[in-house]
Amino acid sequence: MYVDAQTIITAGAVLTALVGFVTLGWKLFKWINHQKEQDQEITNIKVQHTKDIADLKTQHAKDMAEVKAMHHKDTEGIQEEQTLVVYGLLACLKGLAEQGCDGPVSEAIDRIEKHINKKAHGQE
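Notes on the structure in this doc start here.

Quick notes on the rules
Residues numbered from 1 in each chain as written. Predicted model: local features only at pLDDT ≥ 70, side-chain atom pairs only at ≥ 80, totals over all residues. Heavy atoms only, no water. Helix = DSSP H or I, 4+ residues; strand = E, 2+ residues; numbered from the N terminus. Expected span 1.5 Å × (residues − 1). Buried < 20%, exposed > 50% of the residue type's maximum accessible area, 1.4 Å probe, protein only. Arc of directions from axis to C-beta. 1 Å grid on protein atoms, 1.4 Å probe; cavity = no way out; pocket = protein on both sides within 12 Å on 5 of 7 lines; lining within 4 Å. Points joined across faces, edges and corners; volume = space filled by probe spheres on them. Nonpolar A, V, L, I, M, F, W, Y, C, P; charged D, E, K, R; others polar.

1. Points about helix H2 (residues 104-120)
The end-to-end C-alpha distance of H2 is 24 Å, a good match for the 24 Å that 17 residues give at a rise of 1.5 Å each. Here H2 has its buried residues at Val105, Ile109 and Ile112. Considered in projection along H2, the buried side chains sweep an arc of 70° and stay on one side of the axis. Turned more than 90 degrees from where H2 packs its buried face, Pro104, Arg111 and Lys114 sit exposed. In the segment just after H2, glycine 122 is the residue with positive phi, at about 70°.

2. Remarks on the layout of surface pockets
Taken as a whole, the largest pocket holds about 200 Å³ of empty space. Lining the largest pocket, in full, are Gln79, Gln82, Thr83, Val86, Tyr87, His115, Ile116 and Lys119. Secondary-structure elements contributing two or more residues to the lining of the largest pocket are helix H1 (5-98) and H2. The biggest single contributor to the lining of the largest pocket is H1, with 5 residues. In the lining of the largest pocket, the residues fall into 3 nonpolar, 4 polar and 1 charged.

Pasting the structure below:
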């Protein structure tokens, strides 16, 4: 068999083409595997995100329950203070009435007593 320059060039071209196809195949294989890894990472992130949202919702519900309980407790305290202030005001007005002050003092006493009476019987 005779090996001339054309045979060597043809063999080099075939070898180059073969190396090119193998390289292309290898790069395609690596790219497909990389896509699969990315898909798995995305799935893991979605699962973690869903879990985090559920945890946040649970924590939010707990926080809201605490805030509502604190608000209820504070409101009761404020209502007790307001009741004491109204009774103190009524006592002061009655003291003024005993001293002989009439007119607006008597009217204020009547209105406060009506309000207290309505509140006691659930009419307001």
